[in-house]
Amino acid sequence: LTCARDHEPHVSLLAYLRAVGLTGAKEGCGEGECGACAVALVSREPGQRARLLAVNSCLLPLGALEGRTVWSVEGVANSDGSLHPVQRALAERGGSQCGYCTPGFVMSLFCEYYRDGRTEYDPEAISGNLCRCTGYRPIIDAARLTARRMFMWVPQRHLMPPSACLICASVGFFQAPPFAAGVASESASASAPQVREKNSSRPEATRY
Ligand code: FES
Ligand code: FES
């Protein structure tokens, strides 16, 4: 889908996602404070490897996303229906009660999971997510558990989720994602308007 072509450019990405039935992202505050609406934006800077950035979809007008690729929580689980490691860790550690904040935490941890150069879990990864009922200890435990598992079993990490890895797709290990559960576009445009990353306080992150 090319968002701006089919919808009014001032409509927020969150409103758009929910209007097309992708209701995993939630509206909490509607003003960039709670992270319940977080999604992953694929960033392809010239000369750099692609990265996943957690962004608040309530603050993103569709007009700023022409040519950009966005990953919503519906596209996080594996194609066979099994949970992604960050989802599994949240479930195992009891990191969700009412669940309203959970998709946002999943997306923040999803981006952290694939952060290039990561050696451990960065607490700043979820600094933009609020939870009103679970408490943060189980969520942080889940993040640590995910990091430990990853380095035990996957010495060569993918920069991107395996299903989106063009190398794997080209050699047939995985199919390229249909992006049916997310919002897909052809390629990033260098001239596309930039957007602000959700956790802009993270020191090493590029700020938008
Ligand atoms: Fe709270 Fe978007 S709804 S940050
Ligand atoms: Fe209820 Fe986080 S699980 S707000």
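In what follows, the accompanying structure is described. Note that this is a predicted model, so its numbers are computed, not measured. (Residues numbered from 1 in each chain as written. Chains lettered and ligands numbered in written order. Predicted model: local features only at pLDDT ≥ 70, side-chain atom pairs only at ≥ 80, totals over all residues. Heavy atoms only, no water.)

**Let's talk about the overall build of the protein**
Right, so step 1: What the protein contains, in helices and strands, is six helices and three strands.
Right, so step 2: What you see in the protein, going N to C, is helices and strands ordered as α-α-β-β-β-α-α-α-α.
Right, so step 3: For the protein, the proportion of its 208 residues judged to be buried stands at 49%.
Right, so step 4: Of the contacts formed within the protein by residues at least 6 apart in sequence, a portion of 72% connects residues at least 24 apart.
Right, so step 5: By element, 53% of the accessible surface of the protein is carried by carbon and sulfur atoms, the whole surface being about 10,400 Å². (Helix = DSSP H or I, 4+ residues; strand = E, 2+ residues; numbered from the N terminus. Buried < 20%, exposed > 50% of the residue type's maximum accessible area, 1.4 Å probe, protein only. Contact = heavy atoms within 4.5 Å. Areas by Shrake-Rupley, 256 points an atom, 1.4 Å probe, with all protein chains shown as cover.)

**Structural notes on the pairing of strand E2 (residues 51–56)**
Right, so step 1: Within E2, six of the six residues are buried, which leaves the element mostly enclosed by the surrounding structure.
Right, so step 2: Side chains Arg 51, Leu 53 and Val 55 of E2 all project onto a buried face; the interleaved residues Leu 52, Ala 54 and Asn 56 project onto the opposite face, where all are buried too.
Right, so step 3: Note: strand E1 (residues 38–43) against E2, six bridges, orientation antiparallel. If you follow Ser 43 over to E2, its bridge partner there is Arg 51. (Pairing = 2+ DSSP bridges.)

**Re the packing of aromatic side chains**
Right, so step 1: Taken as a whole and judged by the stated rule, the model has four aromatic pairs.
Right, so step 2: With 5.3 Å between their ring centres and 80° between their planes, Phe 110 and Tyr 114 make a pair best called edge-to-face. The pair formed by Phe 110 and Tyr 114 is uniform in burial state, with each residue classed as buried.
Right, so step 3: Geometrically, the ring pair formed by Tyr 113 and Tyr 114 is edge-to-face, given 4.8 Å between the ring centres and 80° between the ring planes. (Phe/Tyr/Trp six-rings, centres within 6.5 Å; stacked < 30°, edge-to-face > 60°.)

**Description of the environment of Ser 43**
Right, so step 1: For Ser 43, the position within the fold is in strand E1.
Right, so step 2: Counting along the chain gives 26 residues from Ser 43 to Thr 69, while the straight-line C-alpha distance between them is 8.0 Å.

**Quick word on the nonpolar core**
Right, so step 1: By size, the foremost hydrophobic cluster in this structure holds 30 residues, and its most contacted members are Ala 40, Leu 52, Val 106, Met 107, Leu 109, Phe 110 and Tyr 121.
Right, so step 2: Elements represented by at least two residues in this core include exactly E1, E2, helix H3 (85–92), helix H4 (102–113) and helix H5 (137–153).
Right, so step 3: In terms of residue count, the dominant contributor to this core is H4 (seven residues).
Right, so step 4: Filtering out sequence-adjacent residues up to four positions away, Met 107 remains in contact with Ala 38, Val 39, Ala 40, Ala 54, Trp 71, Ser 72, Val 73 and Val 76.
Right, so step 5: Ranked by size, the runner-up nonpolar core spans 12 residues in total, among them Leu 17, Val 55, Leu 60 and Leu 62. (Core = buried A, V, L, I, M, F, W, Y, C linked by side-chain atoms within 4.5 Å.)

**Observations concerning H4**
Right, so step 1: Spanning 12 residues, H4 covers 16 Å between terminal C-alpha atoms, matching the ideal 16 Å at 1.5 Å per step.
Right, so step 2: Most of H4 is tucked away: 12 of the 12 residues are buried.
Right, so step 3: Restricting attention to buried positions, one finds in H4 the residues Thr 102, Pro 103, Gly 104, Phe 105, Val 106, Met 107, Ser 108, Leu 109, Phe 110, Cys 111, Glu 112 and Tyr 113. (Expected span 1.5 Å × (residues − 1).)

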